[in-house]
Every structure is written in C-alpha cells, then in structure tokens.
Amino acid sequence: MNLDLTVDTAELASAASALVRLVPGKLIDPVLSGLLLSASADGVSLAVLFEELDALYHGTPLAPAGPCYRDYAHWSDGAVQQSARQRQGAHWARVFADPPPATDLPLDRFRPAIRSLAGAAVEFDLGATRTAGLRGLARRLDVTLFAVLAAAHSPLMARLTGEADVVIGTPVSGRTTPGFERTAGMFVNPVCLRTAADPDLTFAQYARRLASTADAAFANQDFPLQDLVARVAPERDYRRTPLFDSLIALHSSRYLRTSFGGRAVPIRLEFNGQAVFDLNLQLYEAARSLRASWQYASRLLDHETVAGWRDALVDLIDTTLADPDTPVGELTGATRARLPDLEFDL
C-alpha cells in the first residue's frame, strides 16, 4: 500500500479539513489517497493519524485524547508564551537590524499586480552517489545534511539575484511546547535564514556559518513570521511574498514512512499545483537518495528556466563535493565578476 497525500491550500470555509479515499489495487497494492488542507495538519499530525487509523483497523482502543489545537491556541496567547516571543523577537531584531536589499529573481515575465498561486514543478533525483557524498560531507563538516543543502542553494540564489545578502525561508516544526507532541494541527512556522555569501569564504566555511545561522533561527522559531513581517516590511507588496521569494525544505525519511497493517508503508506528498513562493525547493530523504520537487510560480517563470537552475544547482553541488574548499565567490560568480585592482597616476 502507498499513502498518497495531496496538500490543498484552499479556503477552510469552502471544504472539509480532510478527504480520504482508498483506491483498490489490481496488479499493485491499494493506494490510500488523502486530500488535506494545509492549515489542518502537518507531518507529525499525519504520523499520529495513520497510527490511530491502524489501531482502529485492528480493533485496538485508542489512547485517551490529549490537548487539542484549541488548547494550544489559548496557551500561545498566555503570558508565558508572550514573554518568550518577546525574548525571541530580540534575536530577529538583530538579524534584520538592517533591512534586506531589494532584490528579485531574473523572471521570464513581469509580476502581476496581485500575486498568482498558479504553479508547476521540476522533479528530479540527486541520485545515490551524490546523496552519499552530501551526507559524507555533512559528517566531515559536523553539520546537518540540511545545512549542506542550504549552503549550496543560497549561493545559487546570490548568483541569480546578483546580491550576496541572501534571505531564504525554511519551515520548522513549531512543536517546542511540552504536551503538544501528538496534537493534530498545523504547527509549522517558516523562519528566515539570512546569510552573506562572502566570496572569500570557502564552501566548507560557509556551510558551517549557515549551520550556525540555522541553529539560531530554529532556537527562535516561536516568533511568528507575520510579526517579523510587520516589523521589517510593514508596507505590503501584493506582487510577492514578504522577506523571501525562495524556500527550501528537507523532509526527513522518518516522516515519509509509517507502519500500517503490520508493514512499512511509504508516504508520498504530492504537489497540488499551487506555488506559495516564487521558488520552493522540496527535498525528500530516502535511504539511498534525495528526491526533489522544485516548485515555481508558473505565471512568472518557464519550465525551461527552472530546469536550467536545477542543472546549475546540481553542478554547484558537484563542485563542492569535489572540493569543499572552493571559494564561495566562484559559486556565486562574484570572483569572475571582480575587476582587477587598478592604479591611476593622474
């Protein structure tokens, strides 16, 4: 059996929070297909859902219900959490003490007055050899696999925008409060990763710096993104998302498989055709390889353009795997763009 899930960002008022159907298999295993509103569940919620569905299927009584999302909403508005958000707000005030530069991707078409959600995706696989190399490099640098991937992604964004000051988004679990580990709901909160793609750093140094930036962001993930936007970019531009146009996410393999019916069952998250960001690189971890879905705003970008950026990203990864001491300036193009030092005697 495969668990095939499509996330739908439609209005909550217009549909139920979840629709599930079982498609019988003929020559293959049956597929349990689900349609979930993005505001109703996250990856942890899905794990709990399938665990309880399996228990009901086998007639096993469910454990007593714990706190619900409404309890979390009440708690998050309380004095303790508000105090924590104030402390974390100080971190983000330092990160964005200087406003980020006005940059844009090299788009194929002008932005409409109101951003469209129409999207498409470039699907690809990094392959077993390249994935093993990335994992090995992460171990040698003593950073996470995500840090290495994000450190490869950010210089490409710097190359495309022509700006070394890079802000990208990444989702975090949002489940930092004890007692809500198994509560169903959408706890995910995007955070910003702001780094300077210093051309004089080696890739290895930059990956370690990005890892430190990510650690600090994750430690301050309870500060809501909308509050950060209100502070940093209070004037809304309806043509684009605030603070960052590109997001990267790595889905751990432990959330992409579940036990159901006494066997290990893969969970596959399917793209629903909506692009919340201009670029949204979703990476899915498996035992031997990384599968990627690079989702993009199809009103702004052509498939051929994003496919070319995919090739550039893969080439960049291969360059860093061959030599982690490659200067970041070579990855962003800044080194090639530098002019020689000249002296004028007038």
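Before reading further, recall that the structure is shown in the block above.
Remember, it's a predicted structure, so these values are computed and weren't measured experimentally. (Residues numbered from 1 in each chain as written. Predicted model: local features only at pLDDT ≥ 70, side-chain atom pairs only at ≥ 80, totals over all residues. Heavy atoms only, no water.)

A look at the packing of helix H4 (residues 128–141) against helix H5 (residues 145–161)
Alright, step 1. The geometry of H4 relative to H5 is characterised by a closest axis approach of 8 Å and an angle of 110 degrees between their N-to-C directions. With respect to their mutual orientation, H4 and H5 come out roughly perpendicular. Note on element contacts: H5 touches H4 through Leu 145, Val 148 and Leu 149, opposite Leu 134, Arg 135, Leu 137 and Ala 138. (Axes fitted to C-alpha atoms, helices over the stretch in contact; angles between N-to-C directions. Helix = DSSP H or I, 4+ residues; strand = E, 2+ residues; numbered from the N terminus. Parallel < 35°, antiparallel > 145°, perpendicular 65-115°, else oblique. Contact = heavy atoms within 4.5 Å.)

Considering the packing of aromatic side chains
Alright, step 1. Scanning the model with the defined rule gives 6 aromatic pairs in all.
Alright, step 2. Arranged with centres 5.1 Å apart and planes meeting at 80 degrees, the rings of Tyr 69 and Phe 187 form a pair that is edge-to-face. Placement of the pair is Tyr 69 in helix H2 (residues 69–76) and Phe 187 in the loop between strand S5 (165–172) and strand S6 (189–196), with a sequence separation of 118 residues.
Alright, step 3. The class for Tyr 69 is partly exposed, based on a relative accessible area of 33%. (Phe/Tyr/Trp six-rings, centres within 6.5 Å; stacked < 30°, edge-to-face > 60°. Buried < 20%, exposed > 50% of the residue type's maximum accessible area, 1.4 Å probe, protein only.)

Topic: the pattern of salt bridges
Alright, step 1. Counting across every chain of the model gives 13 salt bridges.
Alright, step 2. In this structure, Asp 237 and Arg 239 form a salt bridge, with 2.9 Å as the shortest nitrogen-oxygen distance.
Alright, step 3. With a relative accessible area of 27%, Asp 237 lands in the partly exposed category.
Alright, step 4. Take Arg 239: its relative accessible area is 37%, and that puts it in the partly exposed class.
Alright, step 5. The partner of Arg 240 in a salt bridge is Asp 245, with the nearest N and O atoms 2.3 Å apart. Here Arg 240 matches Asp 245 in class, with each residue buried. (Salt bridge = Lys/Arg side-chain N within 4 Å of Asp/Glu carboxyl O.)

Some points on H5
Alright, step 1. Taking 1.5 Å per residue as the helical rise, H5 with its 17 residues ought to reach 24 Å, and the 25 Å between its terminal C-alpha atoms agrees with that figure.
Alright, step 2. Gly 162 lies just past H5 and shows a positive phi near 75 degrees. (Expected span 1.5 Å × (residues − 1).)

Some words on the environment of Thr 202
Alright, step 1. In this structure, Thr 202 sits in the loop between S6 and helix H6 (203–219).
Alright, step 2. Judged by its relative accessible area of 16%, Thr 202 is buried.
Alright, step 3. In sequence terms Thr 202 and Glu 330 are 128 residues apart; their C-alpha atoms lie 9.4 Å from each other.
Alright, step 4. Excluding residues within four positions of it along the chain, Thr 202 makes contact with Pro 324, Asp 325, Thr 326, Pro 327 and Val 328.

Section: unusual backbone geometry
Alright, step 1. The phi angle at Asp 142 is positive, at roughly 60 degrees, despite the residue not being glycine.
Alright, step 2. Mapped onto the elements, Asp 142 comes out in the loop between H4 and H5.
Alright, step 3. Phi is positive for Leu 243, which is not a glycine, with a value near 75 degrees.

Topic: the pairing of S5
Alright, step 1. The buried fraction of S5 is high, at 6 of 8 residues.
Alright, step 2. Pairing geometry for S5 and S6, over 8 bridges, is antiparallel. Within S6, the residue paired with Val 172 across the bridge is Asn 189. (Pairing = 2+ DSSP bridges.)

Quick word on helix H3 (residues 79–95)
Alright, step 1. Taking 1.5 Å of rise per residue, 17 residues should cover 24 Å, and H3 covers 25 Å from first to last C-alpha, within 8% of that figure.
Alright, step 2. Every buried residue of H3 is accounted for by Gln 81, Ala 84, Arg 85, Gln 88, Gly 89, His 91 and Trp 92.
Alright, step 3. In this fold, the buried residues of H3 make contact with H2, S6, H6 and helix H7 (225–232).

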